Amino acid sequence: MKKLLIGLLIPFCGYTVVAQTKTPVKKTPVRNTASKTGVKTIHTAPAVAKSMSTLDSASYAFGTSMAASLKSGGLTNLNYDLLVKGLKETFSGKQALINQEDSQRAIANLFQKMNENKFSAEIEEGKAFLQQNGTKDGVKTTASGLQYEVITPGTGISPKSTDTVLVNYKGTLLNGKQFDSSYDRNAPLSLSLDRVIPGWTEGMQLMQTGAKYRFFIPYQLAYGERGAGADIPPYSALIFEIELLKVNGK
């Protein structure tokens with residue numbers, strides 16, 4: 001997100017860089033089309049475009065290029081007065097109303113809000129599920145919002161956040177769709193608890209060797225707003241059954 005706008009305004013070698021990708025600059029289309037009567041009609045660019053200076057044409061092209069890139073990212077409108085103000089003041093060397101760090105944060109917040117609106121149904125589904133699930137007997141909720149249920153208690157040691165552990169596990173979405181399982185592969189997984197999602201890092205430290213827990217993980221402690229691949233959509237709350245087989249230390 002910090003480099004979202006990098007490349008929007010750098011044309012070179014007949015190309016316009018948009019969102020860090022190269023897109024050939026297309027000439028205004030001039031097409032000869034034949035009507036049913038056989039008479040050819042020539043479609044030309046508007047007269048105003050022909051009268052533009054090089055600077056005017058390029059300025060307009062910058063605007064359309066920026067808009068197309070931002071629109072493809074999901075934006076539908078901006079405060080155009082402030083957009084132009086930002087351009088003018090930057091070119092004139094005036095001090096910006098907000099510094100670079102705040103600017104990047106504002107852009108990130110805008111796209112995050114847009115994303116939350118897009119996936120509002122998924123967010124509400126997870127929130128409602130966890131709220132209802134937390135009232136069930138045997139389900140405990142930690143301060144972070146992580147929920148867990150003890151299936152089989154353990155008798156061994158508990159891992160630390162920097163330890164490597166050997167586990168068997170199964171992961172599903174709230175609708176029951178399974179997206180991963182070490183049981184199906186018949187291959188327990190060795191992993192470091194400081195390199196997994198926060199829900200695992202926190203939850204595994206509650207377990208003892210030999211234990212099997214079921215975890216209900218809010219999206220903030222799972223894969224967040226991005227999701228993971230094709231199987232875990234953005235803002236997904238997840239359910240994991242985890243069996244702690246061994247703690248290997250650091």
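Keep in mind the model is a prediction, meaning the values are calculated, not measured.

**Regarding the overall build of the protein**
From N to C terminus, the protein includes seven helices and 12 strands. Residue burial in the protein is summarised as follows: out of 250 residues, 29% are buried. Of the contacts made within the protein by residues no fewer than 6 positions apart, 63% connect residues no fewer than 24 positions apart. Put simply, the protein shows about 16,600 Å² of open surface, and 55% of that area lies on carbon and sulfur atoms.

**Observations regarding the packing of aromatic side chains**
As enumerated under the stated definition, the model contains nine aromatic pairs in all. When the centroid spacing of 6.2 Å and the interplanar angle of 45° are considered together, the rings of Phe129 and Phe216 count as tilted. Placement of Phe129 in helix 5 (residues 120–133) and of Phe216 in strand 11 (residues 212–217) is noted, with a sequence separation of 87 residues between them. Note on Phe216: relative accessible area 5%, which makes it buried. Measuring from centroid to centroid gives 5.3 Å for Trp200 and Phe240, while their planes differ by 90°, and the two rings are edge-to-face. Here Phe240 lies in strand 12 (residues 238–249) and Trp200 lies in helix 7 (residues 198–204), a separation of 40 residues in the sequence. Summarising the burial analysis for this pair, Trp200 and Phe240 share the class buried. An aromatic cluster is present here, built from Tyr169, Phe179, Trp200 and Phe240 joined pairwise through their rings.

**Concerning the pattern of salt bridges**
Considering all chains together, one arrives at eight salt bridges under this definition. A salt bridge links Glu89 to Lys85; the shortest N-O distance between them is 2.8 Å. In this pair, Glu89 and Lys85 both sit in helix 3 (residues 80–92), four residues apart, roughly one turn of the helix. A residue is classified by how much of its surface remains accessible, and Lys85, at 34% relative accessible area, is partly exposed. Here Glu149 and Arg214 are joined by a salt bridge, their closest N and O atoms 3.0 Å apart. Placement of the pair is Glu149 in strand 7 (residues 147–152) and Arg214 in strand 11, with a sequence separation of 65 residues. The class of Glu149 is partly exposed, set by a relative accessible area of 22%. A residue is classified by how much of its surface remains accessible, and Arg214, at 22% relative accessible area, is partly exposed.

Reading the values: rules and limits
- Residues numbered from 1 in each chain as written.
- Predicted model: local features only at pLDDT ≥ 70, side-chain atom pairs only at ≥ 80, totals over all residues.
- Heavy atoms only, no water.
- Helix = DSSP H or I, 4+ residues; strand = E, 2+ residues; numbered from the N terminus.
- Buried < 20%, exposed > 50% of the residue type's maximum accessible area, 1.4 Å probe, protein only.
- Contact = heavy atoms within 4.5 Å.
- Areas by Shrake-Rupley, 256 points an atom, 1.4 Å probe, with all protein chains shown as cover.
- Phe/Tyr/Trp six-rings, centres within 6.5 Å; stacked < 30°, edge-to-face > 60°.
- Salt bridge = Lys/Arg side-chain N within 4 Å of Asp/Glu carboxyl O.

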